[in-house]
Amino acid sequence: MEGRGAVFLLLALASVSVINTVHGQGTRVGFYSSTCPRAESIVRSTVQSHVNSDPTLAAGLLRMHFHDCFVQGCDASVLIAGSGTEKTAFANLGLRGYEVIDDAKTQLEAACPGVVSCSDILALAARDSVVLSGGPSWQVPTGRRDGRISQASDVSNLPAPFDSVDVQKQKFASKGLNTQDLVTLVGGHTIGTTACQFFSNRLYNFTANGPDPSINPSFLPQLRALCPQNSGASNRVALDTGSQNRFDASYFANLRNGRGILQSDQALWNDASTKTFVQRYLKLRGLIFNVEFARSMVKMSNIELKTGTDGEIRKICSAIN
């Protein structure tokens, strides 16, 4: 019972935290309740349809929301197509799920023309993707408006797979996110895959003596088989070995066991300031992680918002009006 009581207390605290985060930001839960009552259900059913056909799209939609919010704020600027846009930047070439957002937008324009922003669709789709992967649900504050600027050159601010913990902390802090938010949101790597090119440097000549010493030696042959030396740069590898389509806390167990895939991920276990949170999320079968992930997602989804008369409501998510 003690464990259950602690979880209820955490949920209560998370609710308070979410309310505080949203207040004054210009977004609110139920923003479309009168102007487009079916908005959230249309997004949910669209995401469900696509993820049922291809479960890997869930991670794609979650990552796309993250990549959007870290550049120009959560304004759907990552969805804009064309030369020199965020979409064309190297860090965004692997993003997936654009067709899901376009599908939802088409249905919403038929139901409520010119009402629901692409940035809100993306925020809702990220939440629905987590739920469909077995993760927590949360109320998504809506009311964002879409940005009109999308430049590949701005994407350099995104956290990178080779970043040290200090650099990661700096990038998150610049967006108003603390060290706990960093560990929590990177925990979204519990679903999805990455390409060998983003971590294969760890497997061979990382040091003068060979591979990255933070990799569990018994795990190394498995990774080398998936990412042969000097080939297979685009091969995909699960970020959370053995659980790539299920949202759970096994990602943190893998970090503890030297089985983190990205250098930036494994570093979270090897740095005292972040290890504390990794250890915390290993307790209570990941329930604390679920609560904190929901809280940090709401916090992240309110980065540098455009609301009121700022920005626009795009008719097509891939193009400025």
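Below you will find a few notes about this structure.

Basis of the calculations
Residues numbered from 1 in each chain as written. Predicted model: local features only at pLDDT ≥ 70, side-chain atom pairs only at ≥ 80, totals over all residues. Heavy atoms only, no water. Phe/Tyr/Trp six-rings, centres within 6.5 Å; stacked < 30°, edge-to-face > 60°. Helix = DSSP H or I, 4+ residues; strand = E, 2+ residues; numbered from the N terminus. Buried < 20%, exposed > 50% of the residue type's maximum accessible area, 1.4 Å probe, protein only. Lys NZ or Arg CZ within 6 Å of the ring centre and 35° of its normal. Salt bridge = Lys/Arg side-chain N within 4 Å of Asp/Glu carboxyl O.

Focus on the packing of aromatic side chains
Phase 1 of the analysis: What the rule picks out here adds up to 13 aromatic pairs.
Phase 2 of the analysis: Relative to Phe 289, the ring of Phe 247 lies with its centre 5.5 Å away and its plane at 0 degrees, an arrangement referred to as stacked. Highlighted residues: Phe 247 in the loop between β2 (236–238) and α9 (250–256) and Phe 289 in helix α12 (residues 287–300), separated in sequence by 42 residues.
Phase 3 of the analysis: We classify Phe 247 as buried; its relative accessible area is 3%.
Phase 4 of the analysis: On the basis of relative accessible area, Phe 289 is assigned to the buried category, the value being 0%.
Phase 5 of the analysis: Between Lys 87 and the ring centre of Tyr 98, over which it is positioned, the NZ or CZ distance is 4.1 Å.
Phase 6 of the analysis: Between the NZ or CZ atom of Lys 275 and the centre of the ring of Trp 269, over which it lies, the distance is 4.5 Å.

Remarks on the pattern of salt bridges
Phase 1 of the analysis: In the structure shown here, the tally under the stated rule is 14 salt bridges.
Phase 2 of the analysis: Note that Arg 144 is salt-bridged to Asp 120, the shortest N-O span being 2.6 Å. Here Arg 144 is found in the loop between α5 (118–132) and α6 (165–173), whereas its partner Asp 120 is found in helix α5, with 24 residues between them in sequence. As far as the burial class goes, Arg 144 and Asp 120 line up, both buried.
Phase 3 of the analysis: Put simply, Arg 295 and Asp 181 hold a salt bridge, and the shortest N to O gap is 3.1 Å. Placement of the pair is Arg 295 in helix α12 and Asp 181 in helix α7 (residues 179–186), with a sequence separation of 114 residues.

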